[in-house]
Amino acid sequence: MILVTGGAGFIGSNFVLDWLAAGGEGVVNLDKLTYAGNLENLRSLEGNSRHVFVQGDIGDQQLVRQLLARHRPRAVLNFAAESHVDRSIHAPGTFIETNVVGTFRLLEAVRAYWGELKGGEREGFRLLHVSTDEVYGSLAPKDPAFTEQNKYEPNSPYSASKAASDHLVRAYHHTYGLPVLTTNCSNNYGPYHFPEKLIPLMIVNALAGKPLPVYGDGQQIRDWLYVGDHCSAIRRVLEAGRLGETYNIGGWNEKPNLEIVQTVCNLLDELKPRAGGGSYREQITFVTDRPGHDRRYAIDARKIERELGWKPAETFETGIRKTVRWYLEHGDWVQRVQSGAYREWMNTNYAARAA
Ligand code: NAD
Ligand code: DAU
């Protein structure tokens, strides 16, 4: 078995689905089912005995120790986190609880389990911690892309909490010898992406005839990677990554936000033209910027390519087309995730932003 945490979220559910489809070992999936966790993402696994879902908190050390003792996984992959920068600005507390304290408690439970393993089981065991490029801070326009040697300079409560978790993971390797691997990935997009994040929000709002809220001047740059490529990179790092190392993961796809939104509009104009005519671009609205908004992220992914031979399979053009099609074909999923809590968040984040 492997133990995956946060496997009902966007990347975690894509990972679990891909892993089982590729014939990997069984998965114990531990997820708290916060607003971002959605068992519907895993519906195709209903009745599949290779997937065991457990609702619970990574910070519940007793539960994690029980799961480890019962299932004896050969690896733990930690996807569980609070992941939305805007939410971390409105309410940072849960980010500290899950991303910092939760990761610490998970590390303690894993350390105790690993400490009792013997021989091949001990040798082969891995803890893979899934992290983000945001820990490196913000780049100026001409700065080289982030390498694994960049200083940590997190700027939001979210990225600071992820940076803290990365430091703890590193310290558990250095101090206790825990066999860890850390990945720092750029912005993902693809199926099951919760529509509070840029790309799915723009698709969903466009189709609903709502404004497309671009923060500030829309010239902030992100480096986009199709989620399936992130999952294949994680599989590769788990398989062959060097213990204690960190691997940056990215798709060499730097793009300003406004261009992303325009691309989404162009694809929707082609695949689902507006009933009343005109382009979805007419719905673009510039709104008050995110406080402390990082200007540019870019990943130098040469280490993972050189050491592990990993490269993304999708270009941005193929990945974004697949993604827009997925949202058009999954209207029911979109409708169901737009619960009362979702509408409340939309109000909290956007009502006070001047257009
Ligand atoms: P997400 O918010 O979609 O999903 C997070 C999942 O974790 C949810 O299912 C949630 O229920 C679960 N969870 C939250 N707190 C928990 C807790 N205390 N115990 C157990 N489960 C808990 O996030 P995502 O976008 O899928 O990101 C997954 C991981 O990848 C995160 O660690 C994030 O920092 C990292 N990451 C995300 C991106 C991205 O672009 N989305 C890029 C790089 C790295
Ligand atoms: O870089 C990796 C990170 O990417 C992950 O660690 C995070 O978990 C993930 O949420 C993502 O963070 P971002 O803040 O970059 O993603 P988000 O989709 O929230 O925003 C992308 C860009 O779009 C960012 O510059 C802010 C902008 N934006 C976002 C929203 C939601 C807008 O202009 N309007 C919006 O309504």
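Criteria and cut-off values
Residues numbered from 1 in each chain as written. Chains lettered and ligands numbered in written order. Predicted model: local features only at pLDDT ≥ 70, side-chain atom pairs only at ≥ 80, totals over all residues. Heavy atoms only, no water. Salt bridge = Lys/Arg side-chain N within 4 Å of Asp/Glu carboxyl O. Buried < 20%, exposed > 50% of the residue type's maximum accessible area, 1.4 Å probe, protein only. Near = heavy atom within 4 Å. Polar contact = N/O pair within 3.5 Å; in protein donor to acceptor, adjacent residues only side chain to side chain. Areas by Shrake-Rupley, 256 points an atom, 1.4 Å probe, with all protein chains shown as cover. Helix = DSSP H or I, 4+ residues; strand = E, 2+ residues; numbered from the N terminus. Nonpolar A, V, L, I, M, F, W, Y, C, P; charged D, E, K, R; others polar.

J.: Any details on the pattern of salt bridges? Residues and values, ideally.
T.: For the structure shown, the criterion picks out 22 salt bridges. In this structure, Lys311 and Glu305 form a salt bridge, with 3.7 Å as the shortest nitrogen-oxygen distance. A relative accessible area of 55% means that Lys311 is categorised as exposed. Residue Glu305 is classed as partly exposed on the basis of its relative accessible area, which comes to 30%. Three or more residues are tied together by salt bridges with common partners; here these are Arg242, Glu245, Lys303 and Glu307.

J.: For the site of ligand 1, give the residues involved together with the corresponding values.
T.: Around ligand 1, 28 residues are found, and the nearest of them are Ile11, Asp31, Ser83, Tyr158 and Lys162. Here an oxygen atom of ligand 1 and a backbone polar atom of Phe10 are 3.0 Å apart. Backbone polar atom of Lys32 to a nitrogen atom of ligand 1: 3.1 Å apart, as the coordinates give it. When the free accessible area of ligand 1 is taken as 830 Å², the share hidden by the protein chains comes to 97%. Secondary structure elements with two or more residues in the shell around ligand 1: helix H1 (10–21), strand S5 (126–132), helix H6 (157–176) and strand S7 (187–189). Looking at the shell around ligand 1 element by element, the count peaks at 3 residues for S5. Its residues placed into classes, the shell around ligand 1 shows 12 nonpolar, 12 polar and 4 charged.

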